[in-house]
Each structure stands twice: as structure tokens, then as C-alpha cells.
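An overview of the molecular structure
Here are the chains, one letter per residue:
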Amino acid sequence: MFGRDPWGGPLEISNADSATDDDRSRDLDRAALMRQLDETQQSWLLAGPGDQAGKKKKKYVDLGCVVLDRKIFMWTVGTILGLGVFIGFIMMIVKLVPHKRPPPPPPDQYTQALHKALMFFNAQRSGPLPKHNGVSWRGNSCMKDGLSDSTVRRSLVGGFYDAGDAIKFNYPMAWSMTMLSWSVIEYKAKYEAIGELDHIKEIIKWGTDYILKTFNSSADTIDRIVAQVGIGDTSKGGSQPNDHYCWMRPEDIDYKRPVTECHSCSDLASEMAASLAAASIVFKDSKTYSDKLVKGAKALYKFGRTQRGRYSPNGSDQAIFYNSTSYWDEFVWGGAWMYFATGNNSYLTVATAPGMAKHAGAFWFGSPNYGVFTWDDKLPGAQVLLSRLRLFLSPGYPYEEILRTFHNQTDNVMCSYLPLFNSFNFTKGGLIQLNHGGPQPLQYAVNAAFLASLYSDYLESADTPGWYCGPNFYTTEVLRKFARSQLDYILGKNPLKMSYVVGFGNKYPKRPHHRGASIPHNGVKYGCKGGFKWRETKKANPNILVGAMVAGPDRHDGFKDIRTNYNYTEPTLAANAGLVAALISIADIPTGRYSIDKNTIFSAIPPMFPTPPPPPSAWKP
């Protein structure tokens, strides 16, 4: 049997059993020596050990899925690390080297007007002014209020003057503080974004500090509150100095300022309670002050509920200037704010009592003033406020039925603001006539603008795109369009091309009906009659009353810039509070997904439903 010799020659393979392994090995060696080798095989045999050692053995890196030359691997890794260091170095330079950022977009006209509108409250401050007040022509004034009245004999220094005079009317002042607090609760992020949060909180505190002085705020039960400081009735004739007869700077007042107290004034007490309750939510981060406000609010609301009566009896100074038509709306309004401030259901029970709503006028659909939100009638605002409760918390039985009614009434009020429904007339220039063509229309227009804008934010935050007016559906943008139209009119988009906010725009009233602004701040003291010449002059006021919204035009869009005609040119605390609230609600200030703060107003309310028990612990054998 023959096989192939691995060295190229034939090889006989014997199957004889006598052949040993050594024999076979020697036969293979002899056969190999006898075969002729090729050149490659000869080179293998001729190469010595030195030649093999002179060649370097290549090194490899085994990465598991692939085998790479070690030198290539090291170069690759080094290159990657070098690029990483280089990129990091470039990024560090970019961060450290100063560079210009694109400027933020300019504020819209509503934000610009808002900055100015807040300054009006600085100009109206009474008492010792802070150094940073920012109104150069104002100084400390009426530093003996309350102390000089023999029946009171306690300090009533502070607070705000109501309008162009120097009277402190607690009724509209308290409403103004409630409105400002409401706007902060809803739009805190907006105020913070434009740098006005600390300013408006300081304004509110200036007012609430004074309100706390007007009654025994440390007691649980009270029997009287201060309604007014100063007097303005000039109907009885004579020349007795008072805050309306005299035309003089507040800093120069030297006549007596009587204090008016009331012992049965449900409307005033409930409004003051609302102002302190709303402010307690604004200042909830300062527990001591917030608790003090809540305690005072409880005493006031209790007093108002037990000692029934209007604060403005016929013939009184209050009735002449700020007459209250009813106290039932204040019960609803104040009760709602007391509930939000305390979480006590007893207040919500009062605010949602069907009889209370009926007395407040919730079902008087034919009333010509239905839906007109003012310092006197709080029902429209209370209905919006309680609609908020239904939209976001929905407390259910036994409140659901009346809350649904309030919600429906709020929808109806919003419908009445639209020109399509002819509930109210509009001037040719577009100003809504909520007071039916009467004087001083702007204060009503800004309040309506605030409610419309705020309600549109409520609906959107509740994922509701609009509301129904009968069979017709309207989007929330319709409400914002209405609010903008009223504010645009006030800021200059009107037939006269005039801004009715002093200091805003190129054309605005130069002669507001205001004592402090109309008399030069020149170190000369002008007495009670000495300021008459400044009242009668046709010259512009020497001091600019920045941010003051004047009373406004007539029903024909006409306006007379005459100092002595207060129906055109006098600004008021309550009107400016509505203006501030409306401006912040409609201002285009990006602060996140929602315009309003959905939850802060409910911070004192306990959970509507009991907390579920924790899950049982794991079973152990």
C-alpha cells in the first residue's frame, strides 16, 4: 500500500506487525534527507537563530469583537482624548469670556403703564413717608390724625388719601387693598417678572397697617370701627376749614381733622375684613403678620354680621361721597375671602346661602346695574371669585347648586360686556358705558376689563376654551379682546388720541384735580385759602401726578382738561386699584404655561376629601 510522502516522494507503508515506531521514524528521516528542497524551504533551514531574533514581534490589542494593532489602537485613543480636551477648552473660553446677550423684548404698553399706575399710590400716602417713596414733591403729612380728636385719642396716622383731597375714606380704601391683593394672588409671577412684586406688597401693607389701627385688632369682639378721617361736606355754607373747602398741600394742613366712627356698619366691616383676609394670603410667607391679619379679619366680619346696618346713614359725610347701597353683597364678598384665608367652612356657608345671594341681587336680571363691579357693589367680583372655587376645587354638596348659579351668572355678566348684546352702550370711540353715560366712567371700565381678563384665564387654566351666551359659543380670546379694547382706549386709542393716565404717552391731562400736584413744592406754606390761586390758574400742574388715571371723558368721548371740574380730571384710589389689576391681568409677560397661580388662594383650605390610608405593611411569616 502506497501513500504520498509529505516531502514530495512516494512512501511505502507496510502493515507488518514487526515494524516499530523507531523504525518508522528512521525511515521518515531518511526519506526527508533524500528529497530535493525548494528555495523557501532552504532559506528556513539556512536562517540562524540570530536572524530570527533581529525581527520584532508585532503586538496586538484584543477588544473582544476585533483585534487591532496596538500602535493603531493607542493613536486612536490619544486622538479621541485630545479632541475631548480641545473641545472642553473651547467651551470653557466661551463661558468665561464676556459676550453680549440679545436684549429682552421691550415691555408692552400695559406693562409700561402698570409701572406708572403703581406710583400713584406712593403719591397718595399719608403719614411719615419712607425714604424710597419716589415722589419728590411729597413729604410727611397729617402726623396727628386721631390723636387730636378728643373722642378717639389714638393714632390713626398712615393710610392713603382718597383722591385730590386729603380725606381718608376707609370704605373705598379697603376695597382698593382687596383688589390689589387679589391681583397679586393671581399674578404674583408677573409682578415678580417685571420687578414690581416688592413694591405692590409694600403698598398693600401700607394700607393694611392703617386698617389695623382703625379698630381694636387685638380683640376677638369689637363694638366700633373708624369709618373716616377728615371731613369734606361744604353744603352747609360758611368758610369752616375742612378737606374740601381748603385747597392746600397735605403737608401744610393745620386745621382739625375729625374722626368718624360707626357702631353698626356691616358693609364697611365686611369690606375691611375682605381686605385683611386677602392680604393674609399675599403675606402667607410671613406667618406672624398673616396671622395678625386673619385675627383682625375675623373680628371685623363677626362685628359686621352681628351689628347690622349701613355705614353711610342719610345726610352723613360718607353718604355724600361714598354711599353704600347695601351690605348683602359685602357679606358674600367678605365671606368668600374669609373662607380662602381660613379654610373655615362656616364662612363658605354664609357666602353661598341662597337667601344671601337673593338679597345681594344675584337674581335681579332686569337691574340696569347688574354686572357692574364697583367699590359699592361687590357681587360681580364675588361671583367670579366663587366660580373659581367651582372650576378648580368643586366642593360639591351642599354648595354645588349655588356655586353653579354664580358660575352661570358670571357667564351672563361676561356676555353683557360684549357690544353684540346691547346690555350697555358704547361711545363711538369704543368705551363701555357701565354707568349709563354718567360722569367718571373709567373706574367702571377698568373693573370690567379686569374681571373679563381674569375669567378668561380661569377658563383656560381649567382647560375650557370659552363659554356660552345662549346658544352661541365664544372663545376666551373674545374676553381678552374686550379687556384690551377698554385699556387701549384709556391709554390713548380714542378720538382725542389722549392717554387718561398721567405721565403715560405724549398727550395726557396736565391739570388733574389734585391739591398736592397743583401747588408748587417751593418751601412756601399756602394756607386754606392761599391755594385758591393755584386751583383757579389755567397753567399746568407744577408737579406731575405720575400714574394717576383721571375720571375720564363724557359719553361723547369729549374731555376737558380743567382742574376745577373733578368729573373729568380727578383721580381716585379705587379707580387706580382697578386699573392696576386690569393692566397686570392683560400684560404680555411670559411666566410659564398658565397666567394665573391656580393654587395659592386655596393654601388655607384643607383637603376636600379624606386622605386615603397608607397601604398595609408587607406580610411577614
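Just so it is clear, the model here is predicted, and its values are computed rather than measured.

Helix and strand content of the protein chain: 21 helices and nine strands. By residue count, 50% of the 621 residues in the protein chain fall in the buried class. Here the contacts in the protein chain between residues at least 6 apart in sequence split such that 71% fall between residues at least 24 apart. Total accessible area on the protein chain is roughly 31,000 Å²; 57% of this is exposed by carbon and sulfur atoms.

Turning our eyes to something else, we now look at the sheet that holds strand E7 (residues 259–262). Taken in spatial order, the three strands line up as E5-E6-E7 in an open sheet, and their pairing is antiparallel. Unpaired on one side and paired on the other, strand E5 (168–169) and E7 mark the two borders of the sheet. Relative to the sheet, helix H8 (residues 266–282) contacts strand E6 (225–229) and E7, its axis offset from that of E6 by approximately 95 degrees.

The subject of this paragraph is unusual backbone geometry. Residue Pro398 is reached from Tyr397 by a cis peptide bond, and omega for that bond is 0 degrees. Mapped onto the elements, Pro398 comes out in the loop between helix H14 (379–392) and helix H15 (400–416). Positioned with a positive phi, Arg153 is a non-glycine residue whose angle comes to about 55 degrees. Along the chain, Arg153 falls in the loop between helix H5 (109–123) and E5. By relative accessible area, which is 58% here, Arg153 ends up exposed.

Turning our attention to helix H6 (residues 170–193). The sharpest bend along H6 comes to roughly 90 degrees, located at Tyr187. Most of H6 sits out of view: 20 of its 24 residues are buried. Where H6 terminates, the next one or two residues include Gly195, which has phi positive at roughly 75 degrees.

This part is about the state of the cysteines. Applying the stated criterion across every chain, the model contains three disulfides. Note on cysteine connectivity: Cys246 is disulfide-linked to Cys528, with sulfurs 2.0 Å apart. Every disulfide takes its handedness from the sign of the S-S torsion; for Cys246 and Cys528 that torsion is -90 degrees, giving left-handed. Residue Cys246 is found in the loop between E6 and E7, and its partner Cys528 is found in the loop between helix H18 (515–518) and helix H19 (532–536); the two are separated by 282 residues along the sequence. Cys528 carries the same exposure label as Cys246, and that label is buried. The disulfide that involves Cys415 links it to Cys469, with 1.9 Å between the sulfurs.

Another point: the packing of helix H17 (residues 476–490) against helix H21 (residues 573–586). H21 packs onto H17 with a crossing angle of 130 degrees between their chain directions and a minimal axis gap of 11 Å. The angle between H17 and H21 falls in the class oblique. When the axes of H17 and H21 are compared, the crossing they make is left-handed. Contacts from Arg480, Ala483, Arg484 and Leu487 of H17 reach H21 at Leu579, Ala582, Leu583 and Ile586.

Within the largest apolar cluster, 162 residues are counted, with the highest numbers of intra-cluster contacts made by Trp182, Ile225, Trp337, Phe340 and Tyr417. Residue contributions to this core peak at 13 residues, all from helix H16 (residues 442–461). Contacts of Phe340, omitting those with residues within four sequence positions, involve Ile281, Leu385, Leu389, Ile601, Phe602, Ala604 and Ile605. Cys142, Tyr245, Ile253 and Tyr255 belong to the second largest nonpolar core, which has nine residues in total.

The subject of this paragraph is the packing of aromatic side chains. Under the defined criterion, the tally for this structure stands at 32 aromatic pairs. Ring geometry for Tyr245 against Phe532: centres 6.0 Å apart, planes inclined by 80 degrees, an arrangement best described as edge-to-face. One end of the pair, Tyr245, is in the loop between E6 and E7; the other, Phe532, is in helix H19, with 287 residues separating them in the sequence. Ring geometry for Tyr468 against Phe473: centres 5.0 Å apart, planes inclined by 65 degrees, an arrangement best described as edge-to-face. Judged by relative accessible area, Tyr468 falls into the exposed class, the value being 52%. Relative accessible area serves as the criterion here: at 38%, Phe473 is assigned to the partly exposed category. Linked through ring pairs, Trp175, Trp182, Trp333, Trp337, Tyr339, Phe340, Phe373, Phe450 and Phe602 together constitute an aromatic cluster. Over the ring of Trp206 we find Arg125; its NZ or CZ atom is 4.7 Å from the centre of that ring.

It is worth spelling out the UniProt feature "active site" (unreviewed entry) in the protein chain at this point. Per the UniProt entry, the sites bearing "active site" (unreviewed entry) are His513, Asp561 and Glu570 in this numbering. The named residues occupy 58 residues along the chain; their greatest pairwise C-alpha distance, 10.2 Å, places them in one compact cluster. Note that His513 resides in the loop between H17 and H18. Judged by its relative accessible area of 10%, His513 falls in the buried class. Every residue in contact with His513, bar those within four places of it in the chain, is listed here: Gly164, Trp247, Arg563, Thr564, Tyr566, Thr569, Glu570 and Pro571. Structurally, the position occupied by Asp561 is in the loop between H19 and helix H20 (566–569).

As defined by bridge partners, strand E8 (residues 466–469) adjoins strand E9 (residues 472–475) across four bridges and the pair is classed as antiparallel. The residue bridging Tyr468 from the neighbouring strand is Phe473, located in E9. Hairpin geometry of E8 and E9 is characterised by an intervening segment of two residues between the two adjacent antiparallel strands and by a positive phi of about 65 degrees at Gly470.

The next subject is the pattern of salt bridges. Applying the stated criterion to the full structure yields 25 salt bridges. As a salt-bridge pair, Arg154 and Glu261 come within 3.8 Å of each other at their nearest N and O atoms. Of this pair, Arg154 sits in the loop between H5 and E5 while Glu261 sits in strand E7; the two residues are 107 residues apart in sequence, bridging distant segments of the chain. The partly exposed category is assigned to Arg154, whose relative accessible area is 27%. Using a relative accessible area of 22% as the deciding quantity, one classes Glu261 as partly exposed. For Glu330, the salt bridge goes to Lys378, with nearest N and O atoms at 2.7 Å. With Glu330 in helix H11 (residues 328–342) and Lys378 in the loop between helix H13 (354–360) and H14, the pair connects residues that are 48 residues apart, well separated along the chain. Just as Glu330 is buried, Lys378 falls in that class too.

Right, let's talk about the environment of Ile601 for a bit. Position of Ile601 relative to the elements: it lies in the segment after H21. As for Ile601 and Trp337, which are separated by 264 residues in sequence, their C-alpha atoms are 9.3 Å apart. Excluding its chain neighbours within four sequence positions, the residues that come into contact with Ile601 are Ile185, Ile281, Trp337, Phe340, Leu385 and Arg388.

What counts, and where the lines are drawn
- Residues numbered from 1 in each chain as written.
- Predicted model: local features only at pLDDT ≥ 70, side-chain atom pairs only at ≥ 80, totals over all residues.
- Heavy atoms only, no water.
- Helix = DSSP H or I, 4+ residues; strand = E, 2+ residues; numbered from the N terminus.
- Buried < 20%, exposed > 50% of the residue type's maximum accessible area, 1.4 Å probe, protein only.
- Contact = heavy atoms within 4.5 Å.
- Areas by Shrake-Rupley, 256 points an atom, 1.4 Å probe, with all protein chains shown as cover.
- Pairing = 2+ DSSP bridges.
- Axes fitted to C-alpha atoms, helices over the stretch in contact; angles between N-to-C directions.
- Bend = angle between axes of the 7 residues up to and from the residue.
- Disulfide = S-S within 2.5 Å.
- Parallel < 35°, antiparallel > 145°, perpendicular 65-115°, else oblique.
- Left-handed = near helix turned anticlockwise from the far one by under 90°.
- Core = buried A, V, L, I, M, F, W, Y, C linked by side-chain atoms within 4.5 Å.
- Phe/Tyr/Trp six-rings, centres within 6.5 Å; stacked < 30°, edge-to-face > 60°.
- Lys NZ or Arg CZ within 6 Å of the ring centre and 35° of its normal.
- UniProt positions renumbered as here; feature names shortened; annotations may be inferred.
- Salt bridge = Lys/Arg side-chain N within 4 Å of Asp/Glu carboxyl O.

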